[in-house]
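Single-letter residue listing:
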Amino acid sequence: QRATTQLNLEREVRAALERNEFIFHYQPIVHTNSKKIYGVEALMRWNARDGQLHYPGEFMDTLLNLDPRQDFMENLMVQVDRLQERCLQELQIPLRVSINMSASVLRNAAMHSLVLNSLKRRAHPELLHIEITEDTLLEDLANARVLLTEIKRLGIPLVLDDFGTGQSSLNHLRSFPFDAIKIDREFVMNMDQSQDDATLVKAITQLAHSFNMKVVAEGVENQQQYRF
């Protein structure tokens with residue numbers, strides 16, 4: 001039964017690739033002082049032909065097996081180009097967009113030139129941010145450092161995602177050229193009820209600022225969390 005389910009999923013994902021059914025949804029990042037949208041994070045979704053919306057956990061492993069070069073990302077990046085162009089033309093807003101980079105790209109040196117060339121083709125590379133989860137840096141530090149350095153040379157800021165949930169966090173801040181860190185929602189969502197979580201969020205924020213890094217807090221859902 002598991003084998004049949006997987007075969008069906010592979011068939012559906014292959015068809016979805018041909019029909020360009022993979023899309024980005026955008027989650028706002030709000031500036032705490034101005035209360036204006038500072039940028040958005042692009043979150044991948046599969047908008048299936050039957051009307052169902054699927055999340056990456058349901059299909060990403062299969063998608064990467066079928067498209068190891070991640071050619072699907074070029075279609076998604078074109079979507080970002082169009083969104084940024086509309087915001088500039090219609091609203092005069094230079095919209096920053098954060099893109100998540102997978103571990104498979106970081107550890108595969110053969111993919112690096114593909115990624116860099118794609119970033120160079122973008123209409124507004126200066127408005128992109130690249131997010132790296134902390135756990136991806138544990139797999140191949142040398143390869144990761146090479147690619148991240150090249151991305152920085154393009155003038156694209158780097159963001160360390162899910163800060164505090166991985167290992168060697170302080171070493172990552174010292175060793176890699178990050179411009180911002182994101183505090184994992186696991187700490188943010190309970191900080192109005194847990195003094196320990198509140199203390200951690202405050203400490204991470206102060207630590208980031210001491211490195212001249214910006215801070216993004218994930219999962220701020222109510223006024224109390226926002227005021228904090």
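Residues numbered from 1 in each chain as written. Predicted model: local features only at pLDDT ≥ 70, side-chain atom pairs only at ≥ 80, totals over all residues. Heavy atoms only, no water.

## Structural notes on the overall build of the protein
Under the convention used in this document: Only DSSP runs of H or I reaching four residues or more are called helices, and only runs of E reaching two or more are called strands; each is numbered from the N terminus. Throughout, the radius of gyration refers to the C-alpha atoms, and the reference size of a globule is 2.2 Å times the residue count to the power 0.38. We call a residue buried when its accessible area falls under 20% of the maximum for its residue type, exposed when it is over 50%, and partly exposed in between, using a 1.4 Å probe and counting protein chains only. Contact between two residues is taken to exist if any of their heavy atoms lie within 4.5 Å; hydrogens are not considered. For every accessible area listed, the method is Shrake-Rupley and the probe measures 1.4 Å; residues are considered covered only by the protein chains on display. Charge counting follows a simple rule: Lys and Arg are positive, Asp and Glu are negative, and His as well as the terminal groups are ignored. Lysine's charge is taken at NZ, arginine's at CZ, aspartate's at CG and glutamate's at CD.
Summing up its helical and strand segments, the protein has 10 helices and 8 strands in all. Taken over C-alpha atoms, the radius of gyration comes to 19 Å for the protein, in line with the 17 Å a tight globule of 228 residues would show. Projected onto its principal axes, the C-alpha coordinates of the protein cover approximately 50 × 45 × 40 Å. Going through the 228 residues of the protein one by one, you find that 38% of them count as buried. In the protein, the share of contacts with a sequence separation of at least 24, taken over all contacts with a separation of at least 6, comes to 64%. With the model as given, the accessible surface of the protein reaches about 13,100 Å², and the carbon-plus-sulfur share is 49%. Across the protein, 25 positive and 31 negative side-chain charges occur, with their mean positions spaced 5 Å apart.

## Points about the layout of surface pockets
Inclusion rule: In the cavity and pocket records, a cavity denotes points on a 1 Å grid over the protein atoms alone where a 1.4 Å probe fits but cannot get out, a pocket denotes an open set with protein on both sides within 12 Å along at least 5 of 7 lines, and lining residues are residues with an atom within 4 Å of a point. Grid points are joined across faces, edges and corners, and a volume is the space filled by probe spheres set on the points. Classification convention: Asp, Glu, Lys, Arg as charged; Ala, Val, Leu, Ile, Met, Phe, Trp, Tyr, Cys, Pro as nonpolar; all other residues, Gly among them, as polar.
Computed from the structure, the largest pocket encloses a volume of approximately 1,300 Å³. Looking at the largest pocket, it is lined by 43 residues, and the ones nearest its centre are Ile29, Val30, Val215, Val216 and Ala217. Among the elements that take part in the lining of the largest pocket, helix 9 (residues 195–210) stands out by supplying 5 residues, more than any other. Residues belonging to the lining of the largest pocket are distributed by class as follows: 20 nonpolar, 12 polar and 11 charged. Along its surface, the second largest pocket is lined by 33 residues, and Met73, Ile99, Asn100, Met101 and Ser102 are the ones closest to its centre. Broken down by secondary-structure element, the contributors of at least two residues to the lining of the second largest pocket are strand 2 (37–47), helix 2 (56–66), helix 3 (72–91), strand 4 (96–100), helix 4 (103–107), helix 5 (109–121) and strand 5 (128–133).

## A few points about the pattern of salt bridges
The condition is simple: Note on definitions: salt bridges are taken to be side-chain nitrogens of Lys or Arg within 4 Å of carboxyl oxygens of Asp or Glu.
Scanning all chains against the criterion turns up 12 salt bridges. Note that Lys182 and Glu218 form a salt bridge whose closest N and O atoms lie 3.5 Å from each other. Here Lys182 is found in strand 7 (residues 180–183), whereas its partner Glu218 is found in the loop between strand 8 (214–217) and helix 10 (223–227), with 36 residues between them in sequence. Here Lys182 and Glu218 have matching classes, each one buried. Taken together, the shared-partner salt bridges connect Glu41, Glu131, Asp161, Lys182 and Glu218 into one network.

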